[in-house]
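Architecture at a glance
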Amino acid sequence: MTITSLADMIAMDRTTMASNLKPLAREGLVTVEPSAADRRARIVTITPDGLARFKAALPLWRAVQGSFEERFGAVAAAQLRGSLEAVLHTGFEPWAE
């Protein structure tokens, strides 16, 4: 996946995404290489070590999400996520200015 596509997927600007990927690449969790199709684009790939770390972290993330929903309320959490999703669909992109 390109850095730009990954940034768009999580509503982050491309420059910030590239900066956030650097420590992950240094730790060998991802690779960032020029695209064969377009040398200007950079392709991000998760490494086997990165995938293992992700799989180890996922149950912990799910537990924290469950704890949040328990304390905040499942309905309120769903409403919060819906509101945040709605913000993404407004077309407002402050990082584009």
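Refer to the preceding data block for the structure.
In this report, we go over the structure that sits alongside the text. (Residues numbered from 1 in each chain as written. Predicted model: local features only at pLDDT ≥ 70, side-chain atom pairs only at ≥ 80, totals over all residues. Heavy atoms only, no water.)

A few words on the environment of Gly-28. Tracing the backbone through its elements, the reader meets Gly-28 in the loop between α2 (14-26) and β1 (30-34). A relative accessible area of 27% means that Gly-28 is categorised as partly exposed. Spatially, the C-alpha atoms of Gly-28 and Asp-49 are 7.0 Å apart, while their sequence positions differ by 21 residues. Residues within four places of Gly-28 in sequence aside, it is in contact with Thr-47, Asp-49 and Gly-50. (Helix = DSSP H or I, 4+ residues; strand = E, 2+ residues; numbered from the N terminus. Buried < 20%, exposed > 50% of the residue type's maximum accessible area, 1.4 Å probe, protein only. Contact = heavy atoms within 4.5 Å.)

The next point concerns the nonpolar core. If you look at the biggest cluster of nonpolar residues, it comprises 7 residues: Ile-3, Ala-7, Met-17, Ala-18, Leu-21, Val-30 and Val-44. Among the elements of the structure, α1 (3-9) and α2 are those that each provide at least two residues to this core. In this view, Ile-3 contacts Arg-14, Met-17, Ala-18, Leu-21, Val-32, Arg-42 and Val-44; residues no more than four positions away in its chain are not counted. (Core = buried A, V, L, I, M, F, W, Y, C linked by side-chain atoms within 4.5 Å.)

Before going further, it helps to examine a nonpolar patch on the surface. A cluster of nonpolar side chains, Phe-68, Phe-72, Leu-80 and Leu-84, forms an exposed patch at the surface whose accessible area comes to about 360 Å². Elements with a contribution of two residues or more to the nonpolar patch: α3 (48-72) and α4 (74-88). Here Leu-80 shows up in helix α4. A residue is classified by how much of its surface remains accessible, and Leu-80, at 36% relative accessible area, is partly exposed. (Patch = residues over 30% accessible without salt bridge, like charges linked within 9 Å, V, L, I, M, F, W, Y side chains within 5 Å. Areas by Shrake-Rupley, 256 points an atom, 1.4 Å probe, with all protein chains shown as cover. Salt bridge = Lys/Arg side-chain N within 4 Å of Asp/Glu carboxyl O.)

Inspection of the secondary structure puts Pro-48 in helix α3. Overall, the relative accessible area of 70% leaves Pro-48 in the exposed class. Separated by 32 residues in the primary sequence, Pro-48 and Thr-16 place their C-alpha atoms 24 Å from one another.

Interhelical geometry of α3 versus α4 gives an angle of 110 degrees and a closest axis separation of 6 Å. The angle between α3 and α4 places the two elements in the roughly perpendicular class. Residues Gln-65, Phe-68, Glu-69 and Phe-72 of α3 lie in contact with α4, whose contacting residues are Ala-74, Ala-76, Ala-77, Leu-80 and Arg-81. (Axes fitted to C-alpha atoms, helices over the stretch in contact; angles between N-to-C directions. Parallel < 35°, antiparallel > 145°, perpendicular 65-115°, else oblique.)

Along its 25 residues, α3 runs 35 Å from first to last C-alpha, staying within 8% of the 36 Å computed at 1.5 Å per residue. Immediately beyond the C-terminal end of α3, within one or two residues, lies Gly-73, with a positive phi of roughly 105 degrees. (Expected span 1.5 Å × (residues − 1).)

Once that is clear, we can look at the environment of Arg-14. Inspection of the secondary structure assignment puts Arg-14 in helix α2. For the pair Arg-14 and Ile-3, spaced 11 residues apart in sequence, the C-alpha to C-alpha distance is 6.5 Å. In this structure Arg-14 touches Ile-3, Thr-4, Ala-7 and Arg-42, once residues within four positions along its chain are discounted.

Just distances and angles here, no functional claims.
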